[in-house]
Amino acid sequence: MIWMMRKNLAGFLVVLLVLALLLSSYSLWNCRKDEESLLKALYLYGLKDARELSDVGGTFDYLLRENASDNLIVTYAHAYSIRAEHLQDTFGLLQAYTDDERFQLMFSAMSNYHLFLQVVSFSNSTTRKVLIGKNLETLKELDNLMKNVTKYQSPNDLPEELVEEILHTSEELEV
């Protein structure tokens, strides 16, 4: 009789353990799904900045050709600088949560871009125009690369080759 009670108790405990394992597995799956959704939302939010940064070279080219006022050039440089900083922060957060090297490389690229735009923003008028003119082709190349980034709707889809090309191009910006 005692042996039978122990057997039933052991069976009951096994069922409880299996249920606990199933519940914890489901909870883990749910957490990972939520984390993935959160990271995707963060990335998509950052794509707004990437879209804005996909026309820096074109805008500066137009402003220089049309002999725009220095105040207008500073306004654009500062606005683009903020966009680059936001995108830098976005990729920094993605890297912190995923430990994915692509996001570290994008963080570095956006840091380079942000620094360049800050230097342009705070230079004197003559230096500002020289800096932009000297880097115009690189800025246009970054325009195209940022357009390519906006094609990917998930951070996991971002190709490493594209990320490396953006980093390499951002390192070509001369201040």
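Shown above is the structure to which this text applies.
Cut-off values and rules
Residues numbered from 1 in each chain as written. Predicted model: local features only at pLDDT ≥ 70, side-chain atom pairs only at ≥ 80, totals over all residues. Heavy atoms only, no water. Axes fitted to C-alpha atoms, helices over the stretch in contact; angles between N-to-C directions. Helix = DSSP H or I, 4+ residues; strand = E, 2+ residues; numbered from the N terminus. Parallel < 35°, antiparallel > 145°, perpendicular 65-115°, else oblique. Left-handed = near helix turned anticlockwise from the far one by under 90°. Nonpolar A, V, L, I, M, F, W, Y, C, P; charged D, E, K, R; others polar. Core = buried A, V, L, I, M, F, W, Y, C linked by side-chain atoms within 4.5 Å. Buried < 20%, exposed > 50% of the residue type's maximum accessible area, 1.4 Å probe, protein only. Contact = heavy atoms within 4.5 Å. Salt bridge = Lys/Arg side-chain N within 4 Å of Asp/Glu carboxyl O. Patch = residues over 30% accessible without salt bridge, like charges linked within 9 Å, V, L, I, M, F, W, Y side chains within 5 Å. Areas by Shrake-Rupley, 256 points an atom, 1.4 Å probe, with all protein chains shown as cover. Lys, Arg positive; Asp, Glu negative; His and termini not counted. Charge placed at Lys NZ, Arg CZ, Asp CG, Glu CD. Expected span 1.5 Å × (residues − 1). Phe/Tyr/Trp six-rings, centres within 6.5 Å; stacked < 30°, edge-to-face > 60°. Lys NZ or Arg CZ within 6 Å of the ring centre and 35° of its normal.

Participant: How should I be thinking about the packing of helix α3 (residues 70-98) against helix α4 (residues 101-122) in this particular structure?
Facilitator: Packed helices, taken two at a time, are described by the angle their axes make and the gap between the axes. Where α3 meets α4, the axes come as close as 8 Å, and the angle between the chain directions of the two elements is 160°. For the element pair α3 / α4, the angle class is roughly antiparallel. In this structure, the crossing between α3 and α4 has a hand that is left-handed. Residues of the contact of α3 with α4, tallied by class, amount to 14 nonpolar, eleven polar and one charged.

Participant: Mind showing me how you'd approach the nonpolar core here?
Facilitator: Within soluble globular proteins, side chains that are nonpolar generally end up buried alongside one another. In this structure, Leu53, Phe60, Met110, Tyr113, Val149 and Ile166 are the most contacted members of the largest nonpolar core, which totals 39 residues. With nine residues, α4 is the single largest residue contributor to this core. Setting aside anything within four residues of it in sequence, one finds Val149 in contact with Tyr43, Leu47, Ala50, Met106, Leu158, Leu162 and Ile166.

Participant: Please clarify how the pattern of salt bridges should be interpreted in this entry.
Facilitator: Oppositely charged side chains can pair when the atoms bearing their charge come close. Evaluation of the coordinates by the stated rule reveals six salt bridges. The residue Arg83 makes a salt bridge to Asp49 at a minimum N-O spacing of 2.9 Å. Note that Arg83 is positioned in helix α3 and Asp49 in helix α1 (residues 2-52), a separation of 34 residues in sequence. Judged by relative accessible area, Arg83 falls into the partly exposed class, the value being 28%. For Lys140, the salt bridge identified is with Asp61, shortest N-O distance 2.9 Å. Here Lys140 is found in helix α5 (residues 125-149), whereas its partner Asp61 is found in helix α2 (residues 56-65), with 79 residues between them in sequence. Residue classification places Lys140 among the partly exposed positions, given a relative accessible area of 27%.

Participant: Looking at this structure, I do not really get a nonpolar patch on the surface. What am I missing?
Facilitator: Together, Leu9, Phe12, Leu13, Val14, Val15, Leu16, Val18, Leu19 and Leu22 give the surface a local cluster of nonpolar side chains, amounting to about 830 Å² of exposed area. On the secondary structure map, Val15 appears in helix α1. Residue classification places Val15 among the partly exposed residues on the basis of a relative accessible area of 47%.

Participant: Mind showing me how you'd approach the packing of α2 against α3 here?
Facilitator: Closest axis-to-axis distance for the α2/α3 pair is 11 Å, and the angle between their directions is 175°. On the basis of their axis angle, the class for α2 and α3 is roughly antiparallel. Where α2 abuts α3, its residues Val56, Thr59, Phe60, Leu63 and Leu64 lie against Leu72, Ile73, Tyr76, Ala77 and Tyr80.

Participant: Quick question: what am I supposed to make of a negative patch on the surface here?
Facilitator: Taken together, the side chains of Glu137, Glu141, Glu165, Glu171 and Glu172 make up a negatively charged region of the molecular surface. Going through the elements one at a time, α5 and α6 (160-171) are the ones with two or more residues in the negative patch. Residue placement: Glu172 occurs in the segment after α6. Taking the relative accessible area as the measure of exposure, Glu172 reaches 32% and is therefore partly exposed.

Participant: Where do I start with α4 in this structure?
Facilitator: Helical geometry note: an α-helix holds 3.6 residues per turn, so side chains three or four residues apart project in the same direction. Between its terminal C-alpha atoms α4 stretches 32 Å, which fits the 32 Å expected from 22 residues at 1.5 Å a residue. Among the residues making up α4, those that are buried are Arg102, Phe103, Leu105, Met106, Ala109, Met110, Tyr113, His114, Phe116, Leu117, Val120 and Ser121. Buried residues belonging to α4 abut α2, α3, α5 and α6.

Participant: Would you mind going over the packing of aromatic side chains with me for this structure?
Facilitator: Aromatic ring pairs are reported here in terms of the distance separating the ring centres and the angle at which the planes meet. Inspection of every chain in the model, using the stated rule, returns four aromatic pairs. Three or more aromatic residues link up through ring pairs in this structure, and these residues are Tyr43, Phe91 and Phe103. Over the aromatic face of Phe103 sits the side chain of Arg102, whose NZ or CZ is 5.1 Å from the ring centroid.

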